[in-house]
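Structure assessment
Here is how the chains run, residue by residue.
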Amino acid sequence: VAGSERELPQLQAQVDSDRGRGAAVELVQAAEFAALGAPLAATVPAAGFNPQGGQASPRLTTAALLAAARRLGAVAIRAEAQGLLAREGRVAGAELQGRRLEADLTVLSAGSWSLGLARSAGLELALRPAGAHMLLSPPRPPSLYPTVSALGRLLSIKQLPPGGELLVGGGWPATVAPDGLGCEAEPASVERNLGNALAVCPWLSEVELPLAWCGIDAETPDHLPLLGPAPGVAGLYLATGFSLGGFQLAPAVGELAAEEIVGRPRAELEGLRPQRFAGLDGNQLGAFQRSQRPVPES
């Protein structure tokens, strides 16, 4: 949505850009958008709406993808990865809890855990742990059809099937634990997230959002993933650093990475190669790895 008349040209440009990429996006007036279950603030003049858009449950989608992989012959092993098997500058598999798994090629796609696993093979990656919180309401009658976001604001409002819970987020930073493997909601982030939500959808003031939790991922300096062979370490392919966008990108990344691994390089991945951070010296890399995402103003 556009938060004011001043943002209408930017919204129109975004709609035109999305339509140019084949998305069925249209510009609708605020009153039309309200009919979809999302009455907007009086200051909001219009929104971009994609009738073909939607949302997916991470839990159910992951289970479906795993089931599909198994049907194609993949074997899933549920175990903690404790390190990579490194031998003379090459990775030969992974050390799992209770067993050793050897492989000609290992794909490292372990989110925030990727940093420590890469170090077990002597590789320092341009990654830092990054957390983001979400706010959840109790179950409610179905009323909100589209997912609501806003120009210039970190914001996402959606209603989850089948229970009808409202989920409010947008990527607001959480406080990451010292070991980089956990996080907790940051009060300032929660307050500003709620402020953004109320500025766009004032009716949320009548909704309880008692549950706040966060998830953790690995983030790169440019917020784009690391995709491709690991620099200087044979036998290791990186698919990590999704910067809190991994669920959305996973199907495309899986397809492109699989094609590369079997010998069909994809030009689309050239700008995402891990080598793009080769110019960072040890001090710069260490400073980034230890830093936390700041809480933005909006």
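Before going into details, it helps to say that this report is about the structure given with it. Every residue gets a number counted from 1 within its own chain, in the order that chain's sequence is written. Given that the model is predicted, a residue must reach a pLDDT of at least 70 before its local features are reported, and side-chain atom pairs must reach 80 or more before they are shown or counted; all residues, however, enter totals for whole chains, interfaces and linings. Values reported for side chains reflect all heavy atoms of the structure, with hydrogen atoms and water molecules removed beforehand.

1. Here we look at the overall build of the protein
Strands here mean DSSP runs of E at least two residues long; helices mean DSSP runs of H or I at least four residues long; both are numbered from the N terminus. Regarding its fold elements, the protein presents 7 helices and 15 strands. With C-alpha atoms as the basis for the radius of gyration, the globule rule is written as 2.2 Å multiplied by the number of residues raised to the power 0.38. On C-alpha atoms alone, the protein measures out to a radius of gyration of 21 Å, which is about the 19 Å that the 2.2 N^0.38 rule sets for 298 residues. The C-alpha extent of the protein, read off along each of the three principal axes, is 65 × 40 × 40 Å. Taking all 298 residues of the protein together, 38% fall into the buried category. At a minimum sequence separation of 6, the contacts of the protein that also span at least 24 residues come to 66%. As presented, the protein carries roughly 16100 Å² of accessible surface, and 55% of it is formed by carbon and sulfur atoms. Measuring between centres, the 23 positive side-chain charges of the protein sit 5 Å from its 29 negative side-chain charges. The cut-offs for exposure are 20% and 50% of the maximum accessible area for each residue type, with area from a 1.4 Å probe on protein chains only; residues under the lower value are buried, those over the upper are exposed, and the others partly exposed. Throughout, a contact is declared for two residues whenever any of their heavy atoms are within 4.5 Å. Throughout, the Shrake-Rupley method with a 1.4 Å probe supplies accessible areas, and for residues the shown protein chains are the sole cover considered. In this tally, Asp and Glu contribute negative charge and Lys and Arg positive charge; neither His nor the terminal groups of the chain are included. The atom standing in for a charge is NZ when the residue is Lys, CZ when it is Arg, CG when it is Asp and CD when it is Glu.

2. Concerning the sheet that holds strand 4 (residues 90-96)
Strand pairing is assigned whenever DSSP detects at least two bridges linking the two strands. If you trace the 3 strands from one edge of the open sheet to the other, you get 3-4-5, paired in antiparallel fashion. Pairing within the sheet leaves two strands with one partner each, and these edge strands are strand 3 (81-87) and strand 5 (99-102). Geometrically, the sheet is characterised by an average inter-axis angle of 30° between neighbouring strands, direction not taken into account. Here 4 bridges tie strand 4 to strand 5, and the two strands are oriented antiparallel to one another. Residue pairing across strands places Leu96 opposite Arg99, the latter belonging to strand 5. A fitted line through C-alpha atoms represents every axis, and for helices the fit uses only the stretch in contact; the resulting angles, taken between N-to-C directions, go from 0 to 180 degrees.

3. A closer look at the side chain of Asn196
Position of Asn196 relative to the elements: it lies in helix 5 (residues 187-200). For Asn196, the contacting residues outside a window of four places in its chain are Arg153, Leu154, Leu155, Trp172 and Ser298.

4. Observations regarding the packing of aromatic side chains
Centre distance within 6.5 Å is the pairing criterion for rings of Phe, Tyr and Trp, where only the six-membered ring of Trp is used; planes under 30 degrees apart are then read as stacked, over 60 as edge-to-face, and the remainder as tilted. All told, the structure shown has 2 aromatic pairs when counted by the stated rule. The interplanar angle of 75° and the centroid separation of 6.3 Å between the aromatic rings of Phe33 and Phe49 together place this pair among those described as edge-to-face. Residue Phe33 is found in helix 2 (residues 30-34), and its partner Phe49 is found in strand 2 (residues 46-49); the two are separated by 16 residues along the sequence. Judged by its relative accessible area of 11%, Phe49 falls in the buried class. Seen in terms of ring centroids, Phe49 and Tyr145 are 6.1 Å apart; in terms of plane orientation they differ by 70°. Their pairing is edge-to-face. One end of the pair, Phe49, is in strand 2; the other, Tyr145, is in the loop between strand 7 (128-136) and strand 8 (148-150), with 96 residues separating them in the sequence.

5. A closer look at the pairing of strand 15 (residues 236-240)
Where burial is concerned, most of strand 15 is hidden: 5 out of the 5 residues are buried. Residues Leu236, Leu238 and Thr240 of strand 15 are buried on one face, and the alternating residues Tyr237 and Ala239, pointing to the opposite face, are buried as well. Bridge count for strand 6 (residues 106-108) against strand 15 is 3 bridges, and the pairing is parallel. Across the sheet, residue Val107 finds its bridge partner in strand 15, namely Tyr237.

6. Observations concerning the side chain of Gln159
Mapped onto the secondary structure, Gln159 falls in strand 9 (residues 153-159). A polar contact is formed between the side chain of Gln159 and the backbone oxygen of Gly164, at a distance of 2.7 Å. Leaving out residues up to four positions away in the same chain, Gln159 has contacts with Gln55, Arg140, Pro141, Pro142, Ser143, Leu144, Gly164, Glu165 and Leu166. Any pair of N or O atoms that falls within 3.5 Å is considered a polar contact. Within protein, one atom must be able to donate a hydrogen and the other to accept it, and sequence-neighbouring residues count only if both atoms are side-chain atoms.

7. What to know about the pairing of strand 11 (residues 173-176)
The side chains of a regular strand alternate, residue by residue, between the two faces of the sheet. As judged from the 2 bridges shared by strand 7 and strand 11, these two strands associate in the antiparallel manner. Paired with Gly131 across the strands is Ala174, a residue of strand 11. In the sheet, strand 11 pairs with strand 12 (residues 183-184) via 2 bridges, with the strands oriented antiparallel. The residue bridging Thr175 from the neighbouring strand is Glu184, located in strand 12. Here strand 11 folds back onto strand 12 in antiparallel fashion, the turn holding 6 residues, of which Gly180 has a positive phi close to 75°.

8. Topic: the layout of surface pockets
Here a cavity means grid points, on a 1 Å grid over the protein atoms only, where a 1.4 Å probe fits yet cannot get out; a pocket means an open set of points with protein on both sides within 12 Å along at least five of seven lines; lining residues are those with an atom within 4 Å of a point. Grid points are joined across faces, edges and corners, and a volume is the space filled by probe spheres set on the points. The space that makes up the second largest pocket amounts to roughly 300 Å³. Taken together, 17 residues make up the lining of the second largest pocket; nearest its centre are Leu115, Pro129, Pro178, Asp179 and Gly180. Looking at which element gives the most residues to the lining of the second largest pocket, the answer is helix 4 (residues 114-119), with 4 residues. Here the nonpolar group is Ala, Val, Leu, Ile, Met, Phe, Trp, Tyr, Cys and Pro; Asp, Glu, Lys and Arg are the charged ones; every other residue, Gly included, is treated as polar. In terms of residue class, the lining of the second largest pocket is made up of 8 nonpolar, 6 polar and 3 charged.

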